[in-house]
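# Understanding the architecture of this molecule
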Amino acid sequence: MGVEDNADGEKMPASASVPDALPEFLMQMAPLFGAEEKQALSDYMDEGGFLTEFKKTRGLEEMIEEFCNVKHCIMVNNGTISLTLASLGCGLEAGDEVIVPNYTMIATPNSQLMFGGQIVFCDVEPDSLYLDIDKARSLINPGKTKAMIVMTANGRYAPAKMGGIDAFVQLCEEHNIALIEDAAQGLGSYYPDGRHLGTVGKCGSFSFSAPKIISTGQGGCVVTNDDTIAKRIRLKKDFGRAEGGGDVHIAIGFNCKFTELQAVVGIEQMKKLPGRVKRKKEIAQLYRDELADCPGMQLFWNDLQFTTPWFIDMQVTPPGSLKKRDELAAYLKKNNIGSRVMYPPIHLQQCFQETPGRQPPGTHPVSEEIGKTGLWLPSSIQTTDEEIKATCAHVRWFLANYSE
Ligand SMILES: *Cc1c(COP(=O)(O)O)cnc(C)c1O
């Protein structure tokens, strides 16, 4: 880039010059499918299967069971229905209260509204973005609260300062509440004791939607070590059928089935998961190095030994500056760099101003702050080191030259 003249005609060092825009638009996140998926799909079509879920789906379930070291994996049509079925599998009914994080994807609370669950929003802990256990404890309504959903934001686990996941397990056992882990962002991430995220609560849920670490376009699964819950969920997802394809129904059920086409893709994606875990960690480390001590922002805490960051998440600082985050996003876009605003606080979403079952809007300072200052940077598995370095140079340039 060399040197440039500034307004006063003085020579400025190269590091202070405007970084170049990227030659092509860099998406914040895009799925990656390759020749292996294409070939597997073609081979499957030659086999003349029924396309609906069967042996390939079971094969994918077995791969996930093995990867996560969990007894049961049940594939379903997406990572929202998986949360609904996990809740029904745990015996939840209309009117039951469920504590949900106020910082999460909208699917977490909405999965409960599918069957008339009463959602109770709870703020998150500021470093891990994990459900704040003290606040969750204070929201337990004895006899009414039947479940608590924790969300593993970007693969983060419950931090030690909250007592780790075991403190949640204990709290839920004391109150006879089902602990459900929304681990949609947690595939490839572990608790420090080696257990995979999603396998500690009564049920865990994963998503395979387009932005996730591996994808089947749409798709999700429930994992559990509980035989009874697994059986209930298998019935619920296939019309309560006594036997696959038959018309004898022993339970009320719906149709939340997966497809073989997706399973064929999922099997190839699962084979790539260990490599993706490694690359995601490298990406996170590179961002960390490139943005070390960058004024005006911070990356969220991450333990790269156990956590596989799905998205790179950052916050502009000081707190409370809405314009700065949005102007950074606009500046990056102008330079061909995609970013995505982190989840707005759910209790302030327009849909919850009218939805029955909503909690009256309280204050949830941590999630409200993330809604103003949080930004996801380019995080696809295919992002190159050069693209990451360029992104970081732009973030630095913008923040160094920003004045409100
Ligand atoms: C992606 C995601 C979901 C929803 O998954 P879908 O498969 O899109 O329904 C649920 N919860 C969290 C935390 C997610 O990130």
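Right, let's walk through the structure included here.

Thresholds, definitions, all that
Residues numbered from 1 in each chain as written. Predicted model: local features only at pLDDT ≥ 70, side-chain atom pairs only at ≥ 80, totals over all residues. Heavy atoms only, no water. Core = buried A, V, L, I, M, F, W, Y, C linked by side-chain atoms within 4.5 Å. Buried < 20%, exposed > 50% of the residue type's maximum accessible area, 1.4 Å probe, protein only. Helix = DSSP H or I, 4+ residues; strand = E, 2+ residues; numbered from the N terminus. Contact = heavy atoms within 4.5 Å. Near = heavy atom within 4 Å. Polar contact = N/O pair within 3.5 Å; in protein donor to acceptor, adjacent residues only side chain to side chain. Areas by Shrake-Rupley, 256 points an atom, 1.4 Å probe, with all protein chains shown as cover. Nonpolar A, V, L, I, M, F, W, Y, C, P; charged D, E, K, R; others polar. Expected span 1.5 Å × (residues − 1). Arc of directions from axis to C-beta. Phe/Tyr/Trp six-rings, centres within 6.5 Å; stacked < 30°, edge-to-face > 60°. Pairing = 2+ DSSP bridges. Axes fitted to C-alpha atoms, helices over the stretch in contact; angles between N-to-C directions. Parallel < 35°, antiparallel > 145°, perpendicular 65-115°, else oblique. Left-handed = near helix turned anticlockwise from the far one by under 90°.

### Some points on the nonpolar core
Ranked by internal contacts, the top residues of the largest apolar core, which has 44 residues, are I64, M148, F168 and L187. Every element with two or more residues in this core is listed here: helix 2 (55–68), strand 3 (72–76), strand 5 (118–122), helix 5 (133–139), strand 6 (145–151), helix 6 (164–174), strand 9 (220–224) and helix 8 (260–290). Once you skip the residues sitting within four places of it in the chain, I64 turns out to touch N69, V70, C73, M75, F208, C221, V223 and M270.

### Comments concerning the site of the ligand
Close contacts around the ligand come from 16 residues, with G79, T80, D182, S207 and K212 the closest. Contact between the ligand and D182: a nitrogen atom at 2.8 Å from a side-chain N or O atom of the residue. A distance of 3.2 Å separates an oxygen atom of the ligand from a polar atom in the side chain of K212. Relative to its unbound accessible area of 380 Å², the ligand is 92% covered by the protein chains. Counted by class, the shell around the ligand contains five nonpolar, nine polar and two charged residues.

### Section: helix 9 (residues 322–334)
The end-to-end C-alpha separation of helix 9 is 19 Å, in line with the 18 Å expected for 13 residues at 1.5 Å each. Of all the positions in helix 9, only K324, R325, L328, A329, Y331 and L332 are classed as buried. Viewed end-on, helix 9 has its buried residues packed into an arc of 165°, placing them on one side of the element. Relative to its buried face, helix 9 has exposed residues pointing more than 90 degrees away, namely K333 and K334.

### Notes on the packing of aromatic side chains
The final tally for this structure, using the stated rule, is 11 aromatic pairs. Aromatic side chains Y157 and W301 sit 5.7 Å apart centroid to centroid with 85° between the ring planes, which places their arrangement in the edge-to-face category. Taken together, the residues Y157 in the loop between strand 6 and helix 6 and W301 in the loop between strand 10 (297–299) and strand 11 (312–316) connect sequence positions 144 residues apart. Ring centres 5.2 Å apart and planes at 35° place the aromatic pair F398 and Y402 in the tilted group. In this pair, the class of F398 matches that of Y402, namely buried. Site record: aromatic cluster; members linked through ring pairs are Y103, W310, F311, Y343 and W376.

### Overview of the sheet that holds strand 4 (residues 97–101)
Overall, mixed pairing links the seven strands, which are arranged 3-9-8-7-6-4-5 in an open sheet. Lying at the two open borders of the sheet, with one neighbouring strand each, are strand 3 and strand 5. On average, adjacent strands in this sheet sit at an angle of 25° to one another, irrespective of strand direction. Across four bridges, strand 8 (residues 203–207) lies against strand 9 in antiparallel orientation. Bridge pairing links S205 to V222 in strand 9.

### So, the packing of helix 3 (residues 81–89) against helix 7 (residues 227–237)
Running from amino to carboxyl end, helix 3 crosses helix 7 at an angle of 125°, the nearest separation of the two axes being 9 Å. One element, helix 3, and the other, helix 7, form an angle in the oblique class. Taken as a pair, helix 3 and helix 7 cross one another with a handedness that is right-handed. Of the residues in helix 7, those in contact with L85, A86, L88 and G89 of helix 3 are I229, R232, I233, K236 and K237. The class makeup of the residues in the contact of helix 3 with helix 7 is five nonpolar, one polar and three charged.

### Examining the pairing of strand 9
Among the five residues that make up strand 9, five are buried, leaving the element largely enclosed by the rest of the structure. In terms of strand pairing, strand 3 meets strand 9 through five bridges, oriented antiparallel. Pairing of I74 across the sheet is with V222, part of strand 9.

### Some words on the side chain of T57
Among the secondary structure elements, T57 is positioned in helix 2. Of note is the side chain of T57, whose polar atom sits 2.6 Å from the side chain of E260. Sequence-distant contacts of T57, that is, excluding residues within four places in its chain, are made with M75, F258, T259, E260 and A263.

Purely geometric numbers; function is a separate question.
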